[in-house]
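Residue strings, one per chain:
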2 protein chains.
Amino acid sequence: MSDQTIERLRGRLGDRGLLTEPAAMAPFLTDWRGREEGRALCVALPASTEEVAAVVAIAAAAGLPLFPQGGNTGLCYGAVPRGGAGPGIVVALQRMNRIREIDRAANVMTVDAGVVLDAAHAAAAEVGRQVPLYLGSQGSAQIGGLISTNAGGTGVIRYGPMRELVCGLEVVLADGRVLCDLEALKKNNTGYDLKQLFIGAEGTLGIVTGAALRLHPAMAADAHAWVALATPADALSLLSRLQDRFDTAILACELLSRSEVDLVLAEVERTRCPFAETPPWTLMIELGSADPEAPLGERLQDLLATALEDGLALDAMVAASRSQAEDIWRVRHSVSEANRAGFGLTHDVAVRVSKVPAFIAAADRLLAERFPDAVPVVVAHLGDGNVHYIAMFQHAYWRGLNDPKATVAEVQTRLHDLAAGFGGSISAEHGIGRKLTGELARLGDPLRYELMAGLKRLLDPDDRLNPGVLLARPS
Amino acid sequence: MSDQTIERLRGRLGDRGLLTEPAAMAPFLTDWRGREEGRALCVALPASTEEVAAVVAIAAAAGLPLFPQGGNTGLCYGAVPRGGAGPGIVVALQRMNRIREIDRAANVMTVDAGVVLDAAHAAAAEVGRQVPLYLGSQGSAQIGGLISTNAGGTGVIRYGPMRELVCGLEVVLADGRVLCDLEALKKNNTGYDLKQLFIGAEGTLGIVTGAALRLHPAMAADAHAWVALATPADALSLLSRLQDRFDTAILACELLSRSEVDLVLAEVERTRCPFAETPPWTLMIELGSADPEAPLGERLQDLLATALEDGLALDAMVAASRSQAEDIWRVRHSVSEANRAGFGLTHDVAVRVSKVPAFIAAADRLLAERFPDAVPVVVAHLGDGNVHYIAMFQHAYWRGLNDPKATVAEVQTRLHDLAAGFGGSISAEHGIGRKLTGELARLGDPLRYELMAGLKRLLDPDDRLNPGVLLARPS
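All values reported here derive from a predicted model rather than from experimental measurement. (Residues numbered from 1 in each chain as written. Chains lettered and ligands numbered in written order. Predicted model: local features only at pLDDT ≥ 70, side-chain atom pairs only at ≥ 80, totals over all residues. Heavy atoms only, no water.)

### A closer look at the overall build of chain A
Logical step 1: A tally of regular secondary structure across chain A gives 17 helices and 18 strands.
Logical step 2: Relative to the 2.2 N^0.38 estimate, which gives 23 Å for 475 residues, the radius of gyration of chain A is 23 Å and therefore close to what a compact globule would have.
Logical step 3: Overall, chain A is about 75 × 60 × 45 Å in size when its C-alpha atoms are taken along their principal axes.
Logical step 4: Of the contacts made within chain A by residues no fewer than 6 positions apart, 73% connect residues no fewer than 24 positions apart.
Logical step 5: For chain A, the accessible area works out to roughly 17600 Å², and carbon and sulfur atoms hold 49% of it.
Logical step 6: On chain A, the mean spot of the 45 positive side-chain charges and the mean spot of the 57 negative ones are 4 Å from each other. (Helix = DSSP H or I, 4+ residues; strand = E, 2+ residues; numbered from the N terminus. Rg over C-alpha atoms; globule rule 2.2 N^0.38 Å. Contact = heavy atoms within 4.5 Å. Areas by Shrake-Rupley, 256 points an atom, 1.4 Å probe, with all protein chains shown as cover. Lys, Arg positive; Asp, Glu negative; His and termini not counted. Charge placed at Lys NZ, Arg CZ, Asp CG, Glu CD.)

### Considering unusual backbone geometry
Logical step 1: One non-glycine residue with positive phi stands out, namely Asp247(A), at about 50°.
Logical step 2: The topology assignment puts Asp247(A) in the loop between α8 (232-246) and β13 (250-257).
Logical step 3: Residue class for Asp247(A) comes out buried when judged on its relative accessible area of 16%.
Logical step 4: With a phi angle near 55°, Arg270(B) is a residue other than glycine that sits in the positive phi range.
Logical step 5: Looking at the secondary structure, you find Arg270(B) in the loop between α9 (258-267) and β14 (281-289). (Buried < 20%, exposed > 50% of the residue type's maximum accessible area, 1.4 Å probe, protein only.)

### Some details on the relation of the copies chain A and chain B
Logical step 1: Overlay of chain A on chain B (RMSD 0.0 Å): rotation 180°, translation along the axis 0.0 Å. Seen this way, the second copy is the image of the first under a two-fold rotation axis. Across chain A, the rotation axis passes nearest the C-alpha of Gln196(A), at a separation of 3.3 Å.
Logical step 2: A shared binding surface is used by both copies, with 100% of the interface residues of chain A retained as interface residues in chain B. (Least-squares fit on C-alpha atoms with pLDDT ≥ 70 in both.)

### Digging into the UniProt feature "domain: FAD-binding PCMH-type" (unreviewed entry) in chain A
Logical step 1: Annotation from UniProt places "domain: FAD-binding PCMH-type" (unreviewed entry) at residues 36-218 of chain A.
Logical step 2: Taken end to end, residues 36-218 of chain A has its terminal C-alpha atoms 39 Å apart, with 21% of it in helix and 26% in strand. (UniProt positions renumbered as here; feature names shortened; annotations may be inferred.)

### Quick notes on the sheet that holds strand β10 (residues 207-214) of chain A
Residues and elements named next belong to chain A.
Logical step 1: Judged by pairing direction, the sheet is antiparallel, and its 5 strands sit side by side in the order β5-β6-β10-β8-β9 without closing on themselves. Whereas interior strands pair on both sides, the edge strands pair on one side only; in this sheet they are β5 (99-103) and β9 (178-181). Averaged over neighbouring strand pairs, the angle between their axes works out to 15° when direction is ignored.
Logical step 2: Across 6 bridges, strand β8 (residues 166-172) lies against β10 in antiparallel orientation. Bridge pairing in β10 places Glu 170 opposite Gly 210.
Logical step 3: The sheet strands contacting helix α3 (residues 49-62) are β5, β8, β9 and β10, and the helix crosses β8 at an angle near 45°. (Pairing = 2+ DSSP bridges. Axes fitted to C-alpha atoms, helices over the stretch in contact; angles between N-to-C directions.)

### Observations concerning the pairing of strand β13 (residues 250-257) of chain B
Regular strands place side chains that alternate from one sheet face to the opposite one.
Residue and element names in this part refer to chain B.
Logical step 1: Extensive coverage of β13 is indicated by the burial of 8 of its 8 residues.
Logical step 2: Two elements, β13 and strand β17 (residues 375-381), share 3 bridges in a ladder whose sense is antiparallel. Counterpart to Glu 254 in the pairing with β17 is His 381.

### A few points about the interface of chain A and chain B
Logical step 1: Chain A puts 91 residues into the contact, and the matching count from chain B is 91 residues.
Logical step 2: Interface area, chain A with chain B, both sides summed: about 7500 Å², of which 49% is carbon and sulfur.
Logical step 3: The three residues of chain A that bury the most area against chain B are Lys187(A), Tyr192(A) and Arg352(A), which together make up 15% of that side's buried surface.
Logical step 4: Our count for the contact surface shared by chain A and chain B stands at 25 salt bridges. (Buried area = accessible area lost by both parts, 1.4 Å probe. Salt bridge = Lys/Arg side-chain N within 4 Å of Asp/Glu carboxyl O.)

### Some points on the sheet that holds strand β1 (residues 18-19) of chain B
Residue and element names in this part refer to chain B.
Logical step 1: If you trace the 4 strands from one edge of the open sheet to the other, you get β1-β2-β4-β3, paired in mixed fashion. For this open sheet the edge positions go to β1 and β3 (66-69), each flanked by a neighbour on one side alone.
Logical step 2: Direction of pairing for strand β2 (residues 40-44) relative to strand β4 (residues 88-92): parallel, over a ladder of 4 bridges. If you follow Ala 44 over to β4, its bridge partner there is Val 91.
Logical step 3: Sheet strands touched by helix α1 (residues 2-13): β1, β2 and β4. Its angle to β2, the strand with the most contacts, is close to 5°.

### Comments concerning the environment of Ala113(B)
Residue and element names in this part refer to chain B.
Logical step 1: Residue position: Ala 113 is located in the loop between β6 (108-112) and α4 (117-126).
Logical step 2: When its relative accessible area of 2% is taken as the criterion, Ala 113 is described as buried.
Logical step 3: Separated by 57 residues in sequence, Ala 113 and Glu 170 have C-alpha atoms that sit 8.8 Å apart.
Logical step 4: With residues up to four places along the chain from it excluded, the contact list for Ala 113 reads Leu 93, Met 96, Gln 142, Ile 143, Gly 144, Val 208, Thr 209 and Gly 210.

### A look at the pairing of β4(B)
All names here are of chain B.
Logical step 1: Taken across its 5 residues, β4 has 5 buried, putting it largely inside the fold.
Logical step 2: In terms of strand pairing, β3 meets β4 through 4 bridges, oriented parallel. Bridge assignment links Phe 67 to a residue of β4, and that residue is Val 90.

### Focus: the nonpolar core
Logical step 1: Counting 143 residues, the largest nonpolar core has Ile89(A), Ile143(A), Ile89(B) and Ile143(B) as its most contacted members.
Logical step 2: Look past the residues within four positions of Ile143(A) in its chain and what remains in contact with it is Val111(A), Asp112(A), Ala113(A), Val115(A), Leu117(A), Ala120(A), Met162(A), Ala211(A) and Leu213(A). (Core = buried A, V, L, I, M, F, W, Y, C linked by side-chain atoms within 4.5 Å.)

### Quick notes on the packing of helix α13 (residues 356-370) of chain A against helix α15 (residues 404-421) of chain A
Residues and elements named next belong to chain A.
Logical step 1: Remark: α13 packs on α15, axes separated minimally by 10 Å, with the N-to-C direction vectors making an angle of 150°. Judged on the interaxial angle alone, α15 and α13 are roughly antiparallel. Once α13 is placed against α15, the crossing between them reads as right-handed. Listed contacts from α15 to Phe 359, Ala 362, Ala 363, Leu 366 and Arg 370 of α13 are Glu 410, Arg 414, Leu 415, Leu 418 and Ala 419.
Logical step 2: Tallied by class, the residues present in the contact of α13 with α15 amount to 7 nonpolar, no polar and 3 charged. (Parallel < 35°, antiparallel > 145°, perpendicular 65-115°, else oblique. Left-handed = near helix turned anticlockwise from the far one by under 90°. Nonpolar A, V, L, I, M, F, W, Y, C, P; charged D, E, K, R; others polar.)

### Some words on the domain arrangement of chain A
Logical step 1: Taken as a whole, chain A is organised into domain 1 (2-92), domain 2 (99-217), domain 3 (221-336) and domain 4 (342-421).
Logical step 2: Spacing between the C-alpha centres of domain 1 of chain A and domain 3 of chain A amounts to 45 Å. (Domains from an automatic or database assignment.)

### Quick word on the environment of Asp460(B)
Residues and elements named next belong to chain B.
Logical step 1: Counting through the fold element by element, Asp 460 comes out in the segment after α17 (446-459).
Logical step 2: Placed 286 residues apart in sequence, Asp 460 and Ala 174 show a C-alpha to C-alpha distance of 5.6 Å.
Logical step 3: Leave out the neighbours within four places in its chain, and Asp 460 touches Ala 174, Thr 204 and Leu 465.
Logical step 4: Polar side-chain contacts of Asp 460 include one of 2.7 Å to the side chain of Lys 456. (Polar contact = N/O pair within 3.5 Å; in protein donor to acceptor, adjacent residues only side chain to side chain.)

The following block contains the structure:
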């Protein structure tokens, strides 16, 4: 039966559209960090929505599971083909990489799901607009995957996550029918907003094949600052003052612990701190405006001068040049590189913005009491309540552990318990994938979990769309 | 059995919480314009989420339909208790009118569903923030109803509709269980975003009892202009220029036809046009900023001067005083009053923003050909693609019609067909209610309609939540 299915797929997709050789399939069967591996009968590379629909229909007839894949840059193994009754079909969207239309007057860009984010950025820039989603993997992540994982990044404080940038979707359903709503109406009150279901669904309810994305004006003025603070609570107070004055001009607001900044300064070349000593807490601020004449630097200087007078800030530096601005953000962007100096257990937690200081304090206490060999390292998107809380161990200590996996699990369990106790989320922006299904089943609201399983049954009754992802027990 | 149910309800809600006398129930059985009437066994006035849950559970045990009601200010009869197997229970939320919490650092206000919008505005203003939803009924409309109808208004261009202001919901499901997520996390990628289902669902999937609303900074500077234009296409070009420069500073952008402005000037006292003649098309613009020193008026003057030089605008007036600004907006806000001078058939249509000029032209042609006795009158939220297209007849002509209802239906059918042909919506902001179920069944995408019916079955298998609304045939 598999052979028949493969012949049917080849007949529909052509030789270019189907991979069956192990060597050719290999990159599609493992995540980009090579941590988890799956298997598949074949990799389908459809070139159009019609071809995706045909693949889904053929798989439905054969009872095979489908594993949608975008840029394969996820962190939770959501794109690794594993789970389901047996090996199935990877559906990789990379050949669907067309910018279908740019409607500048409506501020809408319509794209294939396989368009890489960088390409969408470039197309928008050509018309003086932006698709304001900014993250580390933008050179490889595809729009379909970014929608299916409701991607975040540094621009969320201003523009929201991917959910707020999607104004229309084209989705192939489990039975091969195509749900299409790419008109990108800004108002449409004619019932349930179905597209919301597929955003962040990690490919479990349908395969996203196209999207209408909201364009925003390009920025023409900017300002950048590094502020030294005594505590996360002071950072939060400063953020409130910034919002009072600057509102949507705040493009980024990143909080770093002294431990994180010191790691970067020690490990990464050409990084510097503008102050004599690394401050206890660092807040990095970016402002932007579409108006080229907006006096953002001057205004930011005023606001920070007042914060210094009031004793809210310990010190502050507003970038006076492009190169000073780059110096600030080089420190922020060197975090991943610097953190390799130790063995870091990273957690992608979110709490209500006002609870960030209390959460960090409680997590620090937890580490000090239960895991005294770990140094707490914090990088937080403060305006989103998103704390990347890292328990950093020395490599030598880690190598000496008898059961390192048990320690990974124990730290994660304790920190997730803590986040849940604060009413927070165990996955702010990375998703659940195949990595956190157990944690979601353990800590998720049972009623919400039950309703999610009901939605899954409604839209994918045979559990053939990315089985094993999100819900540990879909039925 | 009804008597038993009423006794159970009275036992749970007390005398204050239950109305059964016809005179007391009457205001809850008809819409505010007195156009449609329903019936009910009783009106429940629960004072807490627990009481709503108890009412729903009692109704479930008795197999009675439930009719949730907020401020009862809808335009599509969504709150009129009609439909379902027999008379049921109106659940009016007015006693749940508590502001539960304001968390300024997190920019979140948590409220009971029965809080009136004006009260939410006032509470936000006290902490220098706003709940930026602005519409005519804000003195009576309640948060729960505004969420259930995904309300719009004039601020949508800047802040989006109600959907974008809701960051958490508390909902009583059809079986009486309470789904609660009021933590208002800005990031939470742990599966399907269930709250989206209930926003705009018009009470058909659950009863909203509480909400967490996003607060935005209050505005501290503003600017207002009336621009005279030759065509809607020119208005659209001007809007693009405004967006390039002012981005989120654009708070309102309203397009009016000459026919509409002339009606206002003729019918409403103390209204004036700043130009010698009423221009073919009027664009009213409001800019705002949280920064009190933002030079918006000056910048707007510059941009409009260029538009005049280029021939894009015919004339323009930037308000030099508060009273000039009020003069502009008095004309806009007098539209409903002025339109009573004729018999107007209003349509709440949306098309993609870039298609507004073509839609208006096509609708004008349709009227000229098919209904030459009607004058086309247009008020549009241009930035949202939302056109309130009005076929205005003279009262004398209308009184002479043999079958006025047939004319109402024919005009509506033709204009909805036209909107659908443009890929547009037959209800941009007013909803479907009990008024447009037939039109939705006729013109909605059949696949979308099928999926909506599936969601309804999943969450309300016995069709007891606001039956007769939205879906003409839910199963």
